[in-house]
Each structure stands twice: as C-alpha cells, then as structure tokens.
Amino acid sequence: FGSRSFRVKLLALPRTSLQHLGNGRMLASRFLRSAKMVVGISIKDMEGSKAAVLKAIDLAHKDTKVVAYHIPKLVPEMMLSSLSDPSDLSEDTFLALTNAPSKAGENLQKQMKEAADARMKSIGKEVHIEYKVSNAASDIKAGLRDVIQTEKADFVVLGPGIGGNGSVPPYAVSRLNGVTICIVRDHLE
C-alpha cells in the first residue's frame, strides 16, 4: 500500500524532476546537506545513545552540524528532604549533590565521543560533533523540546530507551512538530 501510493506520486512528477532526484541515498544526502542534527544521549540507555550517535555519523553529510545533547534530570527533592536539616550541608556537599547529573553527563559524553571517534576512523569519515549537557530538567521531554527549539534542529536522532521501550521516543514522534525524527533500533534483537 505505502510503496504503491509513493510510486503513483512520483509518477505524477515531470520526467525532468525524477531525473534530478536520483536514487534514495542521493535524495537523503540532499536533505541532510547543511542541516542541523540533534542526537539525544542518556545515561539510562547507554546502548541506545551509542547507536543514535553512530547512526547520526552514518547519516551526516560533511556540512551537517551534529550536536549530541544530554539532558540531566534534576536531583530528586527526596534526597534533600530526607536530610534532617539541609541547611547543615556544607557548601561542597550541596554542590556535589546538585552537580552530580552534570558530572555524569560529562562521563557519558566521553564514552559517546570514544565510540564516535572509533566509528569515524573505521569508515574514513570526519563529522564534527559538538557535545553538550543542558541544564537539569524535571521533565526530560520538555527539556528535549526546548533543546530542539534552541538549536533550531532539522533532524533528531534518539535511541529507543531501555530495552526498546522508552517513553521519550513515542513522545518525540507524536509531539515534536517541525522536525524529522529518527529512532534507532538497529542494535535491538
């Protein structure tokens, strides 16, 4: 059904238009040229994050700007409320608790960068990837939406979540308008 209606639409185009489209890869590379791609990376789904970064490298054109973003979750209020008196915390301890998500994000970035560098070396492709950690957010989905708007992304590449059942990919597909979304499930069996 889908491919038949696709063919009908293509056949309705003038022959010269079809000649300029070329094959699927050429068409995809034209779409990605000078595009901005945001790759969502997460500590919860390291395997999916790695697969998303590698897929972004595979899809990227030499002029594609790729930004790998980690959006840390805010420190749960329960951690601070379980203390008898949070004001008794030293400044260093308080900073350590509140900066823990950002530090974890830096470690995540390091692992993603190593995997990306290995992939680029193995396929002989150079893609500039910028790694960022956004401000901590209580709602990761809203944080992703804000990052996409701030970065003016054309494409979003995400892993599927733990075991392929994350809640962010369905949200992205159903709620993030004006952007092309790729959910990478290649690594799942």
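That block above? That's the structure.
Keep in mind the model is a prediction, meaning the values are calculated, not measured. (Residues numbered from 1 in each chain as written. Predicted model: local features only at pLDDT ≥ 70, side-chain atom pairs only at ≥ 80, totals over all residues. Heavy atoms only, no water.)

Novice: Help me understand the overall build of the protein, please; the structure alone is not making it clear to me.
Specialist: Helix and strand content of the protein: eight helices and five strands. Moving toward the C terminus, one meets the helices and strands of the protein in the order α-α-α-β-α-β-α-α-β-α-β-α-β. Considering the protein as a whole, with its 189 residues, one finds that 33% of them fall into the buried category. Expressed as a percentage of contacts within the protein between residues at least 6 apart in sequence, the contacts between residues at least 24 apart total 77%. Here the protein displays about 12,300 Å² of accessible surface, and carbon together with sulfur accounts for 54% of that area. (Helix = DSSP H or I, 4+ residues; strand = E, 2+ residues; numbered from the N terminus. Buried < 20%, exposed > 50% of the residue type's maximum accessible area, 1.4 Å probe, protein only. Contact = heavy atoms within 4.5 Å. Areas by Shrake-Rupley, 256 points an atom, 1.4 Å probe, with all protein chains shown as cover.)

Novice: Is there a simple way to think about helix H7 (residues 140–151) in this case?
Specialist: Three or four residues apart is the spacing at which side chains of an α-helix point the same way, because the helix has 3.6 residues per turn. The terminal C-alpha atoms of H7, which comprises twelve residues, lie 16 Å apart, in line with the 16 Å expected from a rise of 1.5 Å per residue. Along H7, the positions that sit buried rather than exposed are Ala142, Gly143, Leu144, Val147, Ile148 and Glu151. On its buried face, H7 is in contact with strand E1 (36–41), strand E2 (65–70), strand E3 (129–133), strand E4 (155–158) and helix H8 (168–175). The distance from a side-chain oxygen at the start of H7 to the backbone nitrogen of Lys141 is 3.2 Å, and the residue carrying that oxygen is Asp139. (Expected span 1.5 Å × (residues − 1). Polar contact = N/O pair within 3.5 Å; in protein donor to acceptor, adjacent residues only side chain to side chain.)

Novice: How should helix H4 (residues 46–59) be read in this particular structure?
Specialist: Between its first and last C-alpha atoms H4 spans 20 Å; for 14 residues at 1.5 Å apiece the expected length is 20 Å, and the two agree. Listed in full, the buried residues belonging to H4 are Gly48, Ser49, Ala51, Ala52, Val53, Leu54, Ala56 and Ile57.

Novice: Mind showing me how you'd approach the sheet that holds E3 here?
Specialist: Two pairing modes exist for strands in a sheet, parallel and antiparallel, and in both the strands are linked by backbone hydrogen bonds. Taking strand neighbours across the sheet as the criterion, the five strands line up as E3-E2-E1-E4-E5 in an open arrangement whose pairing is parallel. Strand pairing shows two members of the sheet lacking a second neighbour, E3 and strand E5 (180–183), which therefore form its edges. Between one strand axis and the next, the sheet turns through 20° on average, direction left out of account. As judged from the three bridges shared by E1 and E4, these two strands associate in the parallel manner. Across the sheet, residue Met37 finds its bridge partner in E4, namely Phe155. (Pairing = 2+ DSSP bridges. Axes fitted to C-alpha atoms, helices over the stretch in contact; angles between N-to-C directions.)

Novice: What is the right way to look at the side chain of Ser49 in this model?
Specialist: Among the secondary structure elements, Ser49 is positioned in helix H4. A distance of 2.8 Å separates a polar side-chain atom of Ser49 from the backbone oxygen of Asp45. With near-sequence residues (within four places) excluded, Ser49 lies in contact with Gly40, Ile41, Ser42 and Met112.

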